[in-house]
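Read off the chains here:
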Amino acid sequence: MTAESPLNRAITACARCRGRKTKCDRNFPSCGSCSKAGVICEALDPATGRNIPRSYVAHLEEQIAELQQRNQELREAAATASPRQPRGDGSDAGSATDSSNQQLSFAKMMFTAVSTTGQVNSLETPLRQTVVPAQLPSYDEMMRLRHIYFNHSNPQVPILTYDGFDQYMRVVYQGAGGGVSGMSLGNHSGHDSSAAMADSAEQARATRYFIHIVAAIALGKDPSNEYASQHHAAALNYLPLVFAGPRLSSLTAVLLLSLYAMQRQSSPGVWYTLGIASRLITDLELQSFVPTPEDDGAEIRRLFWSWYVLDRQVCTYLSRPTSIADNVIHCPMPADLEPTQLAFCQLRVLQSEIQRILHHADTLPRVWPTLEAWRGDMQIRLDAWEASRPRTSEQGGSEFDPLFITLNYHQTVLLLQGFSANLPPNPLVMLPAARACLHIYRDLWQADAVNFIWLAVHNTFVAGSSFCYGLLYMPGHQLLGEVLAQLDEVTEVTRTMLEGMCVRCPATADVLAQFDGIAAEVRRKAISRDEHHQQQQQRRAASAATIDLSPRFANSMLLRTPSAGTSPRRMLVNDTSANPYHQQNNSTGPPSRDSLDIDFNDLINGHGTKALWADFFAGSNDLMWGQAPGQSTSAAPTPAPHHTQQGS
């Protein structure tokens, strides 16, 4: 045996032994010294110059072999998949002559996007999947996660039913040797895709997708739980098998992906998966489904309204157009919804109308003569919904916290009575709603109950900035001390929330910087307004001191008759010149930057929520909150294009 060269010994000796200048026995995968010390045995990689575990190459070889085997299993399963059934049984929208090669196009489209590389937008474009998939949880653990899902996630978006999911549990855990003898399965009515998949032997493995994705959603309630991402990765491995089955099962799978993406950044993103679900619904024409005595379409109606809740929630908060307009939707709500589920469906309908008419300037129905009349009627309908919604967990039919329902009510009031491009705000209603949103979010955050982090950041920012600007729109003269006290209170709550969210979502730091700028500008305007008011008071006092108060002059003033149509002007309470609400509506155009008022329309048209969320998810560092003080509105800069950045 030839002796090894000194260079070979230097390379193959582990890093710890070389650093300690001791002899290394170079055992694999760990030398004796590292094994005795209980540390990872690392060696120098000659290609990169970095220290890597000595078992790194063997680990990669095992991973490649496992992935090749899994890829072969998926190919065999796809090749033996039966053709899709015609749409007449509710399982497919294509013709009965579609071949198995054609039915794989949807899965190919999905996974082609999942493998996209480069700089991407985490909200819209999927990221590359790099997480190691998790193993199938034990039966007892899955029952615990099932309880979490159906009591905390399903009440908001009723994608699954107990009976349908228990079918998946029976197929998976009986086949895996788990004890499921005690599981009670209910009767299934209508077109239940879970039963259809369970009856097909070639789709038995596809049911593992639903086990893993429900586990991921349940574990995702805890933002620090890393196993949620692993179960999400495991679910994606079984997704092609689901797509090879009934189309309603494919829709269920995509909706569950969207629900998971609402909780945390994932691949595919929520905007992308909702787009896929919208196309599936349009292809199946679920929006036009009408129940019949022979078929009430329980699953169709439940899946459609689950999509509606998700779509309206995302589009409302991001101020984006909806995928399917309300005027073409004829599918009725499911008849078997729990009170909490029904309340969320009804609220999303109201939010969709507010967003469409008030913020997107859709045509006003003729039943209302003016936009103000419509807003008054909408507030009545919203209050009626609030009076009828469940107020306790027992009334809601689950363990879901009704505080989230209260939060959604105040957010909807803020959407209706707050700032928009078509109606002036109602600060007397807007400010209490904004303060309630902030306090509820603070309580939920302290209880570690905030799950949809990006929605929480958005809603906190909108509530805080709306309250700050709303202080300047209050009618009448407000004492400076009261205005600054309210401003400081809301600023402290908002900053505390956004600072805490920076840990879980680093992009929140940009949102916090924007809010700090808003709060500082509102404070400056409030002080400037008060100084202006004090100067007016001093001028009035000086003018009164120079008036001739002799009896002759007083008698002449008493005998003077005011001209027709004139009335004394009350400067303190009804002085419209000091009220930005009236100035904005009585003037021929928006107030200038040099005036005393802040024009909130700049925040909406190009510098507000739309631009903010493009920046929030894309990671752009562009300054998006308009000009410096004193700059004319006619010279407002055009927002620069936003560049995407992976991981924001």
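Conventions we followed
What you see as residue numbers is a count from 1 along each chain, following the sequence as written. This being a predicted model, a pLDDT of at least 70 is required before a residue's local features are given, and a value of 80 or more before pairs of side-chain atoms are given or counted; all residues contribute to the totals for chains, interfaces and linings. Computation of side-chain values: all heavy atoms of the structure, hydrogens and water removed. Every helix listed is a DSSP run of H or I at least four residues long, and every strand listed is a run of E at least two residues long, numbered separately from the N terminus. Each residue's exposure class comes from its accessible area (1.4 Å probe, protein chains only) as a fraction of the maximum for that residue type: buried when under 20%, exposed when over 50%, partly exposed otherwise. Throughout, a residue-residue contact means that at least one pair of heavy atoms, one from each residue, lies within 4.5 Å. Shrake-Rupley sampling with a 1.4 Å probe provides the accessible areas, and residues are treated as covered by the protein chains on show and by no other component. For Phe, Tyr and Trp, where Trp contributes only its six-membered ring, two rings pair if their centres lie within 6.5 Å, and the inter-plane angle classes them as stacked under 30 degrees, edge-to-face over 60, or tilted in between. One speaks of a salt bridge when a side-chain nitrogen belonging to Lys or Arg is within 4 Å of a carboxyl oxygen belonging to Asp or Glu. The span expected for a helix works out to 1.5 Å for each residue beyond the first. Candidate patch residues must exceed 30% relative accessible area and have no salt bridge, after which like charges are joined if within 9 Å and Val, Leu, Ile, Met, Phe, Trp or Tyr side chains if within 5 Å. Pairs of N or O atoms are called polar contacts if they sit within 3.5 Å, as long as, within protein, a hydrogen donor faces a hydrogen acceptor (for residues adjacent in sequence, only side-chain-to-side-chain pairs). Note on definitions: angles span 0 to 180 degrees between N-to-C directions of axes, and those axes are lines fitted to C-alpha atoms, for helices only across the stretch in contact. Left-handed describes a crossing in which the near helix is turned anticlockwise from the far one by less than a right angle; the clockwise case is right-handed. Only Asp, Glu, Lys and Arg are considered charged, only Ala, Val, Leu, Ile, Met, Phe, Trp, Tyr, Cys and Pro nonpolar, and every remaining residue, Gly among them, polar. As a per-residue measure, pLDDT tells how confident the predictor is, with possible values from 0 to 100. Throughout, a disulfide means two cysteine sulfur atoms within 2.5 Å of one another.

### What about the overall build of the protein?
Now for step 1: For the protein, the count of helices and strands is 27 helices and 2 strands.
Now for step 2: Relative to its full complement of 648 residues, the protein shows a buried share of 46%.
Now for step 3: A fraction of 71% describes how many contacts in the protein between residues 6 or more apart in sequence connect residues 24 or more apart.
Now for step 4: For the protein, the computed accessible surface area is about 31,200 Å², with 54% contributed by carbon and sulfur atoms.

### Points about the packing of aromatic side chains
Now for step 1: If you walk through the whole model with that rule in mind, you get 14 aromatic pairs.
Now for step 2: On the numbers, 4.3 Å between centres and 0 degrees between planes, the contact of Tyr-168 with Phe-210 is stacked. Residue Tyr-168 is found in helix H8 (residues 162-175), and its partner Phe-210 is found in helix H10 (residues 207-219); the two are separated by 42 residues along the sequence.
Now for step 3: Using a relative accessible area of 2% as the deciding quantity, one classes Tyr-168 as buried.
Now for step 4: Clustering of aromatic rings is evident, with ring pairs tying together Tyr-149, Phe-150, Tyr-162, Phe-165, Tyr-168, Tyr-209 and Phe-210.

### As for unusual backbone geometry
Now for step 1: Even without being glycine, Ala-361 reaches a positive phi, approximately 55 degrees.
Now for step 2: Looking at the element boundaries, Ala-361 is found in the loop between helix H16 (339-359) and helix H17 (371-388).
Now for step 3: Even without glycine at this site, Asp-448 takes up a positive phi of about 55 degrees.
Now for step 4: Tracing the chain through its elements places Asp-448 in the loop between helix H20 (427-446) and helix H21 (453-471).
Now for step 5: Relative accessible area serves as the criterion here: at 52%, Asp-448 is assigned to the exposed category.

### Observations regarding the pattern of salt bridges
Should the charged atoms of two oppositely charged side chains come close, the side chains can pair.
Now for step 1: Inspection of every chain in the model, using the stated rule, returns 19 salt bridges.
Now for step 2: Linking Glu-372 and Arg-375 is a salt bridge whose minimum nitrogen-to-oxygen distance equals 3.6 Å. Of this pair, Glu-372 and Arg-375 both sit in helix H17, separated by 3 residues, roughly a single helical turn.
Now for step 3: We classify Arg-375 as buried; its relative accessible area is 4%.

### A closer look at H16
Each full turn of the α-helix corresponds to 3.6 residues, which orients residues three or four apart in the same direction.
Now for step 1: Along its 21 residues, H16 runs 29 Å from first to last C-alpha, staying within 8% of the 30 Å computed at 1.5 Å per residue.
Now for step 2: Most of H16 sits out of view: 15 of its 21 residues are buried.
Now for step 3: Count one or two residues on from H16 and you reach Ala-361, which has phi positive near 55 degrees.

### Details of a nonpolar patch on the surface
Now for step 1: On the surface, Tyr-56, Val-57 and Leu-60 cluster together into a nonpolar patch covering about 260 Å² of accessible area.
Now for step 2: Owing to a relative accessible area of 39%, Tyr-56 belongs among the partly exposed residues under this scheme.

### Some details on helix H14 (residues 270-284)
Now for step 1: For H14, built from 15 residues, the straight-helix expectation of 21 Å at 1.5 Å per residue is met to within 8% by its first-to-last C-alpha distance of 21 Å.
Now for step 2: Within H14 the residues assigned to the buried category are Val-270, Thr-273, Leu-274, Gly-275, Ile-276, Ala-277, Ser-278, Leu-280, Ile-281 and Leu-284.
Now for step 3: Once H14 ends, the next one or two residues include Glu-285, with phi positive near 55 degrees.

### Overview of the side chain of Ser-465
Now for step 1: When you line up the elements, Ser-465 lands in helix H21.
Now for step 2: Polar side-chain contacts of Ser-465 include one of 2.8 Å to the backbone oxygen of Phe-461.
Now for step 3: When near neighbours in sequence (up to four residues on either side) are disregarded, Ser-465 contacts Phe-515 and Ile-518.

### Examining the packing of H20 against H21
Now for step 1: It is at 9 Å that the axes of H20 and H21 come closest, and there the two elements cross at 145 degrees. The hand of the H20/H21 crossing is left-handed. Residue-level inspection shows Pro-427, Met-430, Leu-431, Ala-434, Arg-435, Cys-437, Leu-438, Tyr-441 and Trp-445 of H20 in contact with H21, the latter providing Ile-453, Leu-455, Ala-456, Asn-459, Thr-460, Ala-463, Gly-464, Ser-466, Phe-467, Gly-470 and Leu-471.
Now for step 2: Of the residues that constitute the contact of H20 with H21, the class distribution is 14 nonpolar, 5 polar and 1 charged.

### Here we look at the side chain of Gln-379
Now for step 1: When you line up the elements, Gln-379 lands in helix H17.
Now for step 2: Side-chain polar atoms of Gln-379 contact the side chain of Gln-417, separated by 2.9 Å.

### Looking at the confidence of the model for the protein
Now for step 1: Confidence along the protein averages 74 in pLDDT terms, with 70% of residues attaining 70 or more.
Now for step 2: For residues 82-105, every residue scores under 50 in pLDDT, and the model assigns this stretch 40 contacts once sequence neighbours within four places are set aside.
Now for step 3: Per-residue pLDDT stays below 50 along residues 177-191; that stretch engages in 28 contacts with residues further than four places along the chain or on separate chains.

### Considerations on the environment of Gln-411
Now for step 1: With respect to the helices and strands, the residue Gln-411 is situated in helix H19 (residues 403-417).
Now for step 2: Separated by 19 residues in the primary sequence, Gln-411 and Met-430 have C-alpha atoms spaced 9.8 Å apart.

### Topic: the environment of Thr-406
Now for step 1: Within the secondary structure, Thr-406 sits in helix H19.
Now for step 2: Thr-406 gets classed as buried once you look at its relative accessible area, which sits at 18%.
Now for step 3: Distance in space between the C-alpha atoms of Thr-406 and Cys-437 is 8.8 Å, their sequence separation being 31 residues.
Now for step 4: Discounting residues that sit within four places of it in the chain, Thr-406 has contacts with Arg-389 and Ile-440.

### Some remarks on the state of the cysteines
Now for step 1: For the coordinates displayed, the defined rule picks out 0 disulfides.
Now for step 2: Lacking any disulfide linkage, Cys-17 is separated from the closest cysteine sulfur, that of Cys-14, by 3.3 Å.

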